[in-house]
Amino acid sequence: MSSHQHIVDFIKTRFPGKDFIPLHEPMFHGKEKKYLVDCIDSTFVSSVGKFVDQFEEQMTHFTGAKYAVATVNGTAALHIALLLAGVESNHEVITQALTFVATGNAISYTGAKPIFLDVDKNTLGMCPKGLKGFLENNADLQNNKCYNKTTGKRISACVPMHTFGHACMIEEILDICNQYGITVVEDAAESLGTFYNDRHTGTFGQIGTFSFNGNKTITTGGGGMIVTNNDELAKLAKHLTTTAKVPHKWDYVHDRVGFNYRLPNINAALGCAQLEKLPLLLKKKRALAKAYSIFFEETGVEFLKEPKHSRSNYWLNAILLENKNDRDRFLELSNANGVMTRPVWRLMHLLPMYQDCQTDCLENSLFLTDRLVNIPSSASA
């Protein structure tokens with residue numbers, strides 16, 4: 001088994017000349033400055049402008065989705081996606097306990113309550129076996145609508161996440177949810193550039209969402225995207241994210257409660273330049289993951305590789321250490337040596353606002369949270 005210092009030293013060789021190595025940093029080596037200047041010169045810096053339209057079009061080309069609607073951030077995208085999926089107040093939404101808090105928060109924004117299930121050890125995404133078992137034990141199907149036998153509430157949606165850019169077993173999850181009349185909304189916030197069976201993540205469910213936060217594979221500073229193949233849902237997504245304003249040359253008419261969630265043109269300008277460089281970024285990130293894989297195979301530490309039938313973007317690389325104490329010692333040493341590392345998020349049911357949510361055994365989630373550490377993953381390596 002490799003020493004912690006040996007791991008830290010190897011990471012430093014991948015990022016030479018840096019006193020501090022962040023977990024993930026953006027790269028601006030394309031036309032970002034040019035597009036930003038063009039945007040400022042046009043005076044259209046808010047939610048209307050050519051770069052918003054261009055960014056959405058580029059996303060459809062890259063992901064293969066028919067429609068894309070840009071939003072102010074990934075959480076806003078997921079919130080709207082859940083509303084589009086028919087999630088209402090007093091409903092329940094199944095998701096995974098091992099996820100970023102935004103997943104649970106977006107569900108809560110709708111007035112629904114999350115159900116947190118276990119993940120698969122290999123994909124880090126929702127475990128289909130666990131999902132099936134939970135529904136077999138807890139679901140009551142009435143008129144093709146799923147109800148929770150314990151709470152009596154309708155389970156209207158399921159939100160699996162492609163964790164750290166690794167594709168979950170989305171096809172199996174879809175098959176199970178279809179049997180129970182549950183709509184699948186993909187949380188693809190971390191998986192831009194990830195494919196499962198040669199199809200881009202986010203395009204399997206009825207709706208998918210992405211994030212372009214500053215630490216993502218590409219960034220717009222802050223931003224998100226809703227993708228769908230449904231024409232009506234795409235139109236409604238654009239309407240709801242633009243304060244539900246009815247188009248008119250001068251009159252202000254809003255026909256329902258809407259949201260000020262549209263991505264500003266100046267952020268979209270950054271996104272357009274970033275998307276142009278995405279193939280190169282993905283190539284560099286996969287090269288780093290390969291180097292990590294070879295190193296950790298020789299040192300006896302488990303490096304998390306892309307699951308079967310998928311091609312990961314390797315947004316955040318991760319290793320598994322022996323136990324919680326081993327993990328904590330490594331976190332202390334690496335961060336003290338200028339190498340940013342972090343544990344996986346605290347499981348959602350352990351946060352104060354979600355402590356009363358229903359869960360399953362969470363065996364794999366508990367195992368992973370004690371051992372998993374993210375290590376530097378920037379494409380600048």
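This section reports on the structure supplied with the text. Computed from a predicted structure; not experimentally measured. (Residues numbered from 1 in each chain as written. Predicted model: local features only at pLDDT ≥ 70, side-chain atom pairs only at ≥ 80, totals over all residues. Heavy atoms only, no water.)

Moving on, we come to the layout of surface pockets. One number sums up the size of the largest pocket: a volume of about 330 Å³. Lining the largest pocket are 21 residues, and of these Phe-100, Ala-102, Ala-189, Ser-211 and Lys-216 lie nearest its centre. Secondary structure elements with two or more residues in the lining of the largest pocket: α4 (74-84), α5 (101-109) and β10 (207-211). Of the residues forming the lining of the largest pocket, the biggest block, three residues, is contributed by α4. (1 Å grid on protein atoms, 1.4 Å probe; cavity = no way out; pocket = protein on both sides within 12 Å on 5 of 7 lines; lining within 4 Å. Points joined across faces, edges and corners; volume = space filled by probe spheres on them. Helix = DSSP H or I, 4+ residues; strand = E, 2+ residues; numbered from the N terminus.)

This brings us to the side chain of Lys-285. Mapped onto the elements, Lys-285 comes out in helix α10 (residues 278-299). One buried charge, Lys-285, has no salt-bridge partner; the nearest side chain with opposite charge is Glu-25, at 11 Å. Setting aside chain neighbours within four positions, we find Lys-285 in contact with His-24, Thr-217, Asn-313, Tyr-314, Trp-315, Ser-377 and Ala-379. (Buried < 20%, exposed > 50% of the residue type's maximum accessible area, 1.4 Å probe, protein only. Lys, Arg positive; Asp, Glu negative; His and termini not counted. Salt bridge = Lys/Arg side-chain N within 4 Å of Asp/Glu carboxyl O. Contact = heavy atoms within 4.5 Å.)

Hydrogen bonds between backbone groups are what pair the strands of a sheet, and the pairing can be parallel or antiparallel. A sheet is described by the order of its strands in space; here seven strands give the open sequence β1-β11-β10-β7-β6-β2-β3, paired in mixed fashion. Edge positions in the sheet fall to β1 (67-71) and β3 (113-117), since each has one partner strand and no second. Strand-to-strand twist in this sheet, taken as the mean axis angle between neighbours without regard to direction, amounts to 25°. With five bridges joining them, strand β2 (residues 92-96) and β3 adopt parallel strand pairing. (Pairing = 2+ DSSP bridges. Axes fitted to C-alpha atoms, helices over the stretch in contact; angles between N-to-C directions.)

Okay, the pattern of salt bridges next. For the structure on display, the rule yields 11 salt bridges. Each of Glu-56, Lys-238 and Arg-262 takes part in salt bridges that share partners, so that together they form one network.

A separate point is the sheet that holds strand β12 (residues 302-303). One open sheet holds the four strands; their spatial order is β12-β14-β16-β15, and the pairing between them is antiparallel. Each edge of the open sheet carries a strand with a single partner, namely β12 and β15 (342-343). With two bridges connecting them, β12 and strand β14 (residues 317-320) associate as antiparallel partners. The partner of Glu-302 across the bridge, within β14, is Leu-320.

We now examine empty space enclosed by the protein. Applying the stated criterion to the full structure yields three cavities of 30 Å³ or more. In this model, the largest cavity occupies a volume close to 40 Å³.

A word on the environment of Glu-25. Relative to the helices and strands, Glu-25 is located in the loop between α1 (4-14) and α2 (32-42). Owing to a relative accessible area of 24%, Glu-25 belongs among the partly exposed residues under this scheme. A sequence separation of 354 residues divides Glu-25 from Ala-379, and the C-alpha atoms of the two residues are 8.0 Å apart. With residues up to four places along the chain from it excluded, the contact list for Glu-25 reads Lys-18, Ser-378 and Ser-380. Side chain to side chain, Glu-25 and Lys-18 meet in a polar contact 2.2 Å long. (Polar contact = N/O pair within 3.5 Å; in protein donor to acceptor, adjacent residues only side chain to side chain.)

With that out of the way, let us pick up helix α9 (residues 265-276). Residue pairs three or four apart in sequence face the same way in an α-helix, which turns once every 3.6 residues. For α9, with 12 residues, the first-to-last C-alpha span of 17 Å sits near the 16 Å given by 1.5 Å per residue. Across the 12 residues that make up α9, a large majority, 10, are buried. Within the sequence span of α9, burial applies to Asn-265, Asn-267, Ala-268, Ala-269, Leu-270, Gly-271, Cys-272, Ala-273, Gln-274 and Leu-275. (Expected span 1.5 Å × (residues − 1).)

This part takes up unusual backbone geometry. Of note in the backbone geometry, Phe-164 takes a positive phi value of approximately 60° without being a glycine. Assignment of secondary structure puts Phe-164 in the loop between β6 (155-159) and α7 (170-179). You can call Phe-164 buried: its relative accessible area is 1%. A positive phi is found at Leu-362, a non-glycine position, where the angle reads about 60°. Considering the arrangement of structural elements, one finds Leu-362 in the loop between β15 and α12 (363-371). On the basis of relative accessibility, which here comes to 2%, the residue Leu-362 falls in the buried class.

Burial analysis of strand β11 (residues 224-228) places five of its five residues in the buried class, which makes it a mostly covered element. The two faces of β11 match: Gly-224, Ile-226 and Thr-228 on one face and Met-225 and Val-227 on the other face are all buried. Pairing of β1 with β11, which is carried by five bridges, proceeds in the antiparallel orientation. Opposite Thr-71, over in β11, you have Gly-224 as the bridge partner. Sheet analysis places β10 next to β11, joined by five bridges and oriented antiparallel. If you follow Ser-211 over to β11, its bridge partner there is Gly-224.

You can see Tyr-180 is positioned in the loop between α7 and β7 (183-187). Tyr-180 gets classed as buried once you look at its relative accessible area, which sits at 16%. Along the primary structure Tyr-180 and Pro-279 are separated by 99 residues, whereas in three dimensions their C-alpha atoms are 38 Å apart. Those residues in contact with Tyr-180 that sit more than four places away from it in its chain are Leu-135, Glu-136, Ala-139, Leu-141, Asn-144, Lys-145 and Cys-146.

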